[in-house]
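Chain by chain, the residues:
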Amino acid sequence: MPPAHPFDDDKLKEECGIFGVIGVTDAANFVALGLHALQHRGQEAGGIVAHDPDTGFNSARRFGYVRDNFTSQKLMETLPGPLAIGHVRYSTAGSKGQTAIRDVQPFFGEFSMGGAAIAHNGNITNADALRRELIERGSIFQSSSDSECIIHLMARSLQRNIPERMEDALRRVEGAFSVVAMTRTKLIGVRDPLGVRPLVLGKVGDGWCLSSETCALDIIGAEYVREIEPGEMVVITDKGVESIRPFRPQKSRFCIFEHVYFSRPDSILGGRSVYETRRQIGVELAKESPVEADLVCPVPDSGTPAAIGFSQESGIPYAMGIIRNQYMGRTFIEPTEQIRNMGVRLKLNVNRALIQGKRVILVDDSVVRGTTSRKIKEMILDAGAAEVHFRIASPPTAWPCFYGVDTPQREKLLAATMSEEEMRDHLAVDSLKFISLDGLYRAVGEAQGRDPKSPQYCDACFSGEYPVEPADMLEKGFQMKAAE
């Protein structure tokens, strides 16, 4: 399913959301609700695997939104049982945009000691090398997804039970992974040693759930218990939660872009409200890059909390200068070239009466290729704005992410080839300022800013400093940033 139009195409996309439940009647219904709350993390396809003591494992995988598929009573009746996991995805590894249904997770494998299903958020940076080795040893792959390597590594493990086989497999894997898996009786959650991608534990009635974000716990009325810690594996049965530490301890490097953009503003990350962090980013931006203007306007919806913070700190009134059309469906109209050029206008419209004659500060979360920023600027000027100033709630995105985010090739990232001043000229705006990396760190609660010797987060997309060497990409000729 291609992006709806150019507006979607100029945003970084988180690849996946994962969710699992054990110990409730009709667990798949809870998973469907959880996936609906995580839909922002992947809108291309979704899948659910459930286990019932009488009928065994059952699965359903579908393209499109959760609401269009997993709300059908007929479909949900095929997924009985007290244990289920699910996954929503965009494609990272695997064929971009031409996803085959076999690439849709969760993946299922039948082992000598019974079946297991696995759903993965992140990206395995040595998947190509693992895949080659596994194929040479006789493994037959069904999908183009890097996550399938985990199932094959588990199959080849000599360990006694499935959690131990999973530990075995994940020790061979490099990169970023938060995993939710299930056997006939167990729900398993794991985070990689750096904790790049999120995973949280919740309590629902007498059962338990695992989720990429806390907002999905809210939708099923679950109580947030805690985050799964970096490098931790939890094995949940009807007896409770067992915690295991399969990896050598490392300093955590959570993805800072989860705070900026990916996560829903009503989620809690690392004990911090995502909304409050984004508002604080706006406060830092106003301190770092003030400008005289009449209005502060967000680029909806992701720029909204930062625009509120900018307005509060600067004293410049906040206003809804751009209105979002909530009903812009994916298949609205055949995208001819003429229609494609209207792309942004189908989704966003300028509040002309408010904007006319005003000096406007536009607050957005990021600039990737710059195509959307130019279109929005043109719309604002067409509506009669006197000046347009861009304030961006993240540092310049100059490097691709290899840990589970769909980033264009480096040469397509505006900040990879242009300075801030050159970007300002390219976008033809009165001023353009990004939050500094230190300012971003302050906004997420690091009062001293970023520790350059040992950064507290993964910020490779801004700094070019990759905490895990992207082995597959280096083999394909990717050039790392030279050591300073």
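### Looking at empty space enclosed by the protein
- In total, this model carries five cavities of 30 Å³ or more according to the counting rule given.
- There is about 110 Å³ of room inside the largest cavity.

### Considerations on the confidence of the model for the chain
- Taken over all residues, the pLDDT of the chain has a mean of 91, while the share at 70 or more is 91%.
- Across residues 329-335, where pLDDT falls below 50, the model places ten contacts with residues more than four positions away in sequence or in other chains.

### Quick word on the packing of helix α10 (residues 274-288) against helix α11 (residues 304-314)
- Direction vectors running N to C along α10 and α11 enclose 45°, while the axes themselves pass 6 Å from each other. With respect to each other, α10 and α11 are oriented oblique. As α10 packs across α11, the resulting crossing turns out to be right-handed. Listed contacts from α11 to Tyr275, Arg278, Arg279, Gly282, Val283, Leu285, Ala286 and Lys287 of α10 are Pro305, Ala306, Ile308, Gly309, Phe310, Gln312, Glu313 and Ser314.

### Concerning the side chain of aspartate 459
- Within the secondary structure layout, aspartate 459 lies in the loop between β25 (457-458) and α19 (460-463).
- Judged by relative accessible area, aspartate 459 falls into the buried class, the value being 0%.
- Among the polar contacts listed, one links the side chain of aspartate 459 to the side chain of tyrosine 441, at a separation of 2.7 Å.
- Filtering out sequence-adjacent residues up to four positions away, aspartate 459 remains in contact with Ile256, Leu437, Tyr441, Arg450 and Gly464.

### Quick notes on the sheet that holds strand β11 (residues 207-211)
- Pairing within the open sheet is antiparallel, and its seven strands lie in the order β4-β3-β5-β2-β11-β10-β12. Strands at the two margins of the open sheet, each flanked by one partner only, are β4 (56-63) and β12 (223-227). Taken pair by pair, the neighbouring strands of this sheet meet at an average axis angle of 15°, ignoring direction.
- With five bridges joining them, strand β10 (residues 200-204) and β11 adopt antiparallel strand pairing. Following the sheet pairing, valine 204 is matched in β11 by glycine 207.

### Side note on α11
- Looking at α11, one finds that the buried residues are Thr304, Pro305, Ala306, Ala307, Gly309, Phe310 and Ser311.
- Taken from the residues just after α11, glycine 315 is the one with a positive phi, measuring 80°.

### Looking at the packing of aromatic side chains
- In this structure the tally under the stated criterion is twelve aromatic pairs.
- With 5.9 Å between their ring centres and 65° between their planes, tyrosine 261 and phenylalanine 262 make a pair best called edge-to-face.
- Between the aromatic rings of tyrosine 441 and tyrosine 457, the centroid separation amounts to 5.6 Å while the plane-to-plane angle is 80°, which identifies the pairing as edge-to-face. Taken as a pair, tyrosine 441 in helix α18 (residues 437-443) and tyrosine 457 in strand β25 lie far apart in primary sequence, 16 residues in all. Here tyrosine 441 and tyrosine 457 have matching classes, each one buried.
- Across the ring face of tryptophan 208, the terminal group of lysine 203 is positioned such that the distance to the ring centre comes to 4.6 Å.
- Cation over ring: arginine 410 sits above tryptophan 399, and NZ or CZ is 3.6 Å from the ring centre.

Conventions and cut-offs
Residues numbered from 1 in each chain as written. Predicted model: local features only at pLDDT ≥ 70, side-chain atom pairs only at ≥ 80, totals over all residues. Heavy atoms only, no water. 1 Å grid on protein atoms, 1.4 Å probe; cavity = no way out; pocket = protein on both sides within 12 Å on 5 of 7 lines; lining within 4 Å. Points joined across faces, edges and corners; volume = space filled by probe spheres on them. pLDDT = per-residue confidence, 0-100. Contact = heavy atoms within 4.5 Å. Axes fitted to C-alpha atoms, helices over the stretch in contact; angles between N-to-C directions. Helix = DSSP H or I, 4+ residues; strand = E, 2+ residues; numbered from the N terminus. Parallel < 35°, antiparallel > 145°, perpendicular 65-115°, else oblique. Left-handed = near helix turned anticlockwise from the far one by under 90°. Buried < 20%, exposed > 50% of the residue type's maximum accessible area, 1.4 Å probe, protein only. Polar contact = N/O pair within 3.5 Å; in protein donor to acceptor, adjacent residues only side chain to side chain. Pairing = 2+ DSSP bridges. Phe/Tyr/Trp six-rings, centres within 6.5 Å; stacked < 30°, edge-to-face > 60°. Lys NZ or Arg CZ within 6 Å of the ring centre and 35° of its normal.

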